Amino acid sequence: MVIEVHDLVKKFNGTTAVDRLSFTAGRGEILGLLGPNGAGKTTAIQMLLGIIEPTGGSIRVFGQDIGTHRQAILQRLNFSSAYVSLPQNLRVMDNLRVFAGIYGVANWREKAMELLQLFEIDKLATRKTGQLSSGESTRLHLCKALLNDPELLLLDEPTASLDPDIADKVRKLLRRIQRERGITVLYTSHNMREIEEICDRVIFLHHGRKMAEGPPKEVIAKFNQQTLEQVFIRIVRDGELEETKEGSHR
Amino acid sequence: MSLRRINALLLRYLLLYRQSWTRIMEIFFWPVMDLLVWGFLTAYLLKIGSNNVPALITFLIGSMIFWDLLYRAQQSVTISFLEDVWARNLLNIFVAPVTIGEFLTATFALGVIKVSVNGLVLALLAWALYAFNIFQLGFTLIPFVLSLMLMGWAMGMVTVALIMRWGHAAEALAWGIPFLVQPLSAVFYPVSVLPGWLQPISWTMPCTYVFEGMRQVLATGIVPWHMFWWSLGLNVIYLIAAAVFFRYMFAVVRKKGLLAKLGME
C-alpha cells in the first residue's frame, strides 16, 4: 500500500475536522476525496503531508510513519493545489530550477523542458509566472509537481480555476501520465463529473466522517442515484437532516 | 542538512533581485537615506560645536552603518519568509523535503550577502561624503559585524515564529521588532546615558557590546576584546533560545494547522 490511514482524528479547539478516518490507496490508483466545504478533505491531505499534526490515529506512506520519516516520504511525493502559487515574479524556468534543486533532480533543464512540452507550455519558459493565465499557471504547477517523478501525487482541486476545455485537457493528460508512470494520486475536487471520469475509487467525507467509499459506479448504485453529484447532494442533505434531528432530540 | 537544498532556497531569494530593479534599489534606498541624514547631522554638529563637540561625534555614522547591518540580517530572515507567504508559495516549500534548519540557513546565507553588499556600499559612501573611514576599526570590524549578524538572525527567527503563530496580523513585527531593541542597545549613545534601572537590561543585549566597543576603538584606538567575547557569548545564548522558541512555535503551528492556513490565504 502507498497510503495507509488508520483512525485519523483532527480536532481544532474542540471542533472535530477529521473523525476516525481510515482508508488505503494502492500503487497506481487514483483515489478521490470528496465532500462539501469543511468536510475535512484538505485537512486530511495536509496531515498526509505532515504540515498538520493529527490529534489521533496513524498515517503511513510508502510503509513509513509520516511523523518520524517525513523528509524521506516528502522526497518521493509531490503536491499541487489551486490555492497555492509559485512565485509570480520569477520566470517559469526559474521556478522549476528552484524546485528541481530542492528535490535534487538530475539534468533539471532537460527534465523541466520535457514537462513544459508535455503540458504544452514550453514556449512560456522565459515568461514571468505572474504573466501566465490560470490554465497555464495550473499546468506549470503540475510540471512542478511532476519534477521529482513522484510515486504519490496529492492534488487539491487542481482544476478549480480552469475553463471546461483546459480542465478537460489537464484531466486527460493527468490520467495519461498517471497510467504511464503508475503514480498513485489522491485527488480532491468539487466537480463530480471530473471525479467520475478520473477516479478509480472515491471516499465521501462529511463533517470529517467517511460516509461512503468505493468505485464511483458502485457508490452511485449503492445510493440509488444516477450520478455522483446526486450522491453528493444526498449525503450532504441527509447529513444535515440527521444533525438537525440529533439537535432537536438534545 | 543538505547543501543542495540550501543552495536552491538561496537561489529562489536571489532570483527575486535579478529580475527586479525596484527590489535592488529598495536594499540601498533606506540605508543611504539614513546615512545622508546622520552624516549631515554629524557634519552640522561638528560645525556649530567647534571646540565643544569632540571629533568623536563621527561615531554616529559608524553607529548608523552598524545598526543597518543588524537590521539587514534580521530582515533577510523575516522578509524571505514573508516573500513566500505573500507569493502563496509557503506550502510548496514546506511540503518539499526541506527541513527548518535548511530553510533558516538559506535565509542566513542571504543575510551574509545582503550585509556584505550593504556594508560595503555604506562604507564607501560614508568615506566619500563625510571622510568617515569605518575600516579604521581594522580587523575588529569582522568580529563586530559577525556579532551583529548573529543577533539579527536570532531576532529574525523569533519574528518568523511570531508571524507563523499569529499570521498576517503579526507581519508588522518584521519591521517593528528591531526598533523595540534599538533604544535599549545604546546604538547612538553610550549605555551610561540610560537610566540606571535600564542599564543592566541594555547589557543583556549582544549588540550593546558592539556599539560600545566601536566607540571605544574610535576614541582610544584600543580594541576591547572582552566586549566582543561578551557579545559572542550572549549571541550563542540568544541563538539557542531563538531556535528553541522557533521549534516550539513550529510545533504549535503544526498542531493548530496555522502554517497551512498562512500558506493558502
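Since we're looking at a predicted model, the values are computed, not measured.

Each value, and the rule that gives it
Residues numbered from 1 in each chain as written. Chains lettered and ligands numbered in written order. Predicted model: local features only at pLDDT ≥ 70, side-chain atom pairs only at ≥ 80, totals over all residues. Helix = DSSP H or I, 4+ residues; strand = E, 2+ residues; numbered from the N terminus. Rg over C-alpha atoms; globule rule 2.2 N^0.38 Å. Buried ≥ 20, exposed ≤ 12 C-beta atoms within 10 Å, placed from the backbone. Contact = placed C-beta atoms within 7 Å. Nonpolar A, V, L, I, M, F, W, Y, C, P; charged D, E, K, R; others polar. Domains from an automatic or database assignment.

**Some details on the overall build of chain B**
So, step 1. Within chain B one finds 11 helices and 0 strands.
So, step 2. Reading chain B from its N end, one meets helices and strands in the order α-α-α-α-α-α-α-α-α-α-α.
So, step 3. Over its C-alpha atoms chain B spans a radius of gyration of 19 Å, differing by no more than 12% from the 18 Å that the globule rule assigns to 265 residues.
So, step 4. With the principal axes as the frame, chain B shows a C-alpha extent of 65 × 45 × 35 Å.
So, step 5. Counting the 265 residues in chain B, one finds 43% classified as buried.
So, step 6. Within chain B, contacts between residues separated by at least 24 positions form 75% of all contacts whose residues are at least 6 apart in sequence.

**Points about the interface of chain A and chain B**
Note on interface size: it is often stated as the accessible area lost on association of the parts.
So, step 1. Each partner contributes residues to the interface: chain A has 26 residues there, and chain B has 29 residues.
So, step 2. For the side of chain A that touches chain B, the element with the highest residue contribution is helix α3 (residues 92-103) of chain A, accounting for 6 residues.
So, step 3. Here the side of chain A that touches chain B is built from residues that sort into 15 nonpolar, 9 polar and 2 charged.

**Regarding the environment of A:G56**
All names here are of chain A.
So, step 1. With respect to the helices and strands, the residue G56 is situated in strand β4 (residues 56-61).
So, step 2. Spatially, the C-alpha atoms of G56 and R181 are 33 Å apart, while their sequence positions differ by 125 residues.
So, step 3. Excluding anything up to four places from it in sequence, G56 contacts D7 and V9.

**A closer look at the domain arrangement of chain A**
Residue and element names in this part refer to chain A.
So, step 1. If you check the domain split of chain A, you get domain 1 (3-76 + 152-249) and domain 2 (84-149).
So, step 2. Look at where the C-alpha atoms of domain 1 and domain 2 centre, and you get two points 26 Å apart.
So, step 3. Across the contact, 11 residues belong to domain 1 and 9 residues belong to domain 2.
So, step 4. The element best represented in the side of domain 1 that touches domain 2 is helix α6 (residues 164-181), accounting for 4 residues.
So, step 5. Of the residues belonging to the side of domain 1 that touches domain 2, the class tally is 7 nonpolar, 3 polar and 1 charged.

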